[in-house]
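# Report on the structure
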Amino acid sequence: ITGWSNIIGSSKEFRSDVKVFSEGNIGSLRIKNRLVRAAALERASSNGSPIDVYLKMYESYTSGGAGLIITGAMAPISSGMTTQIHVFDDSHIPELEKIVKVVKSVDDTCKIMAQVVVFGSGFGPSDINWTGKEPLNILTVEQINDIVSSLAESIRRIKETGFDGAELNAHY
């Protein structure tokens, strides 16, 4: 975002006519502009906790003028992926609060959502082998219910720590 004023001009009158800088809504959530940092898996955590470079990235997105930041994939179940931010138990709440704090301390009008993704390999909801790879292990109804419960509990933690919303990545 740095340097955009050189391209589109810096006068407030001009900028107000550019739709990207106008306010918008996602449901009832008011966004100050339409500059959205889309979710991407950063792999910038240690044992599920954000490392300094992760927090600095979010500080940079916020100071750059983003209206909404969607975090990279957070883990609602333990998958053994230690470079992914963890949200699967209450012990991770203080670490989640750090992410919200760094964004809101730079610009309290910037919104932040957490993307929640269940990663796993070799399992799926059915035995349809559409990838041509090794057959999937079919999830049982009980396993699916456990995943749904884990997602719900993760969303509760995300809400409790001050995130403005959540994005569920349902890639099955």
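These notes cover the structure that comes with them. (Residues numbered from 1 in each chain as written. Predicted model: local features only at pLDDT ≥ 70, side-chain atom pairs only at ≥ 80, totals over all residues. Heavy atoms only, no water.)

## As for the overall build of the protein chain
Rules: Per the convention used, a helix needs a DSSP run of H or I reaching at least four residues, while a strand needs a run of E reaching at least two, with both numbered from the N terminus. Remark: exposure states derive from per-residue accessible area (1.4 Å probe, protein chains only) relative to the maximum for the residue type, with buried under 20%, exposed over 50%, and partly exposed in between. Residue contacts are defined here by distance: any two heavy atoms, one from each residue, within 4.5 Å place the two residues in contact. Residue burial considers only the protein chains on display, and all accessible areas are found by Shrake-Rupley using a 1.4 Å probe.
Within the protein chain, the regular secondary structure consists of five helices and eleven strands. By the burial criterion, 36% of the 172 residues in the protein chain qualify as buried. Long-range pairs, those at least 24 residues apart, make up 66% of the contacts in the protein chain between residues at least 6 apart in sequence. Surface exposure of the protein chain reaches about 9900 Å², of which carbon and sulfur atoms provide 54%.

## Quick word on helix 3 (residues 52–63)
Operational definition: To estimate the expected span of a helix, count its residues, drop one, and scale the result by 1.5 Å.
Between its first and last C-alpha atoms helix 3 spans 16 Å; for twelve residues at 1.5 Å apiece the expected length is 16 Å, and the two agree. Structurally, helix 3 contributes buried residues whose contacts are with strand 3 (36–37), strand 5 (49–50), strand 6 (68–75), strand 7 (85–86), helix 4 (93–106) and strand 8 (111–117). At the exit of helix 3 stands glycine 65, carrying a positive phi of roughly 105°.

## Concerning the packing of aromatic side chains
Using the following cut-off: Working definition: rings of Phe, Tyr and Trp (its six-membered ring) pair if their centres are within 6.5 Å, and the pair is stacked with planes under 30 degrees apart, edge-to-face with planes over 60 apart, and tilted otherwise.
For the structure on display, the rule yields two aromatic pairs. Taking the centre distance of 4.6 Å and the plane angle of 35° together, the rings of tyrosine 54 and tyrosine 58 count as tilted. With a gap of four residues between them, tyrosine 54 and tyrosine 58 both fall in helix 3, about one helical turn apart. Taking the centre distance of 5.3 Å and the plane angle of 80° together, the rings of tyrosine 58 and tyrosine 61 count as edge-to-face. Of this pair, tyrosine 58 and tyrosine 61 both sit in helix 3, separated by three residues, roughly a single helical turn. When its relative accessible area of 24% is taken as the criterion, tyrosine 61 is described as partly exposed. An aromatic cluster is built from Tyr54, Tyr58 and Tyr61, whose rings are joined through pairwise contacts.

## So, the side chain of arginine 37
Rules: Each polar contact in these results corresponds to two N or O atoms within 3.5 Å; when the atoms are within protein, one needs to be able to donate a hydrogen and the other to accept it, and residues that are neighboring in sequence are counted only if both atoms are side-chain atoms.
Mapped onto the elements, arginine 37 comes out in strand 3. At a separation of 3.4 Å, a polar atom in the side chain of arginine 37 contacts the side chain of tyrosine 58. Here arginine 37 is in contact with Glu42, Tyr58, Tyr61, Leu68, Ile69, Ile70, Thr71 and Gly72, once residues within four sequence places are set aside.

## Let's talk about the pattern of salt bridges
Our working definition: A carboxyl oxygen of Asp or Glu within 4 Å of a side-chain nitrogen of Lys or Arg is what we treat as a salt bridge.
Within the structure shown, the criterion is met by ten salt bridges. In this structure, arginine 157 engages aspartate 90 in a salt bridge whose closest nitrogen and oxygen atoms are separated by 2.8 Å. Remark: aspartate 90 occurs in the loop between strand 7 and helix 4 and arginine 157 occurs in helix 5 (residues 141–160); sequence separation between them is 67 residues. Relative accessible area serves as the criterion here: at 42%, aspartate 90 is assigned to the partly exposed category. Shared partners join several salt bridges into a network, and the residues in it are Asp90, Glu153, Arg156, Arg157 and Glu160.

## Overview of the environment of isoleucine 112
With respect to the helices and strands, isoleucine 112 occurs in strand 8. C-alpha separation for the pair isoleucine 112 and isoleucine 70, spaced 42 residues apart in sequence, amounts to 5.9 Å. Excluding residues within four positions of it along the chain, isoleucine 112 makes contact with Tyr58, Leu68, Ile69, Thr71, Ile99, Val100, Val103, Lys104, Phe163, Asp164 and Gly165.

## Section: helix 4
For helix 4, spanning 14 residues, the distance from its first C-alpha to its last is 21 Å, which sits close to the expected 20 Å at 1.5 Å a residue. Within the sequence span of helix 4, burial applies to Ile93, Glu95, Leu96, Ile99, Val100, Val102 and Val103. Where helix 4 is buried, its residues touch strand 5, helix 3, strand 6, strand 7, strand 8 and helix 5.

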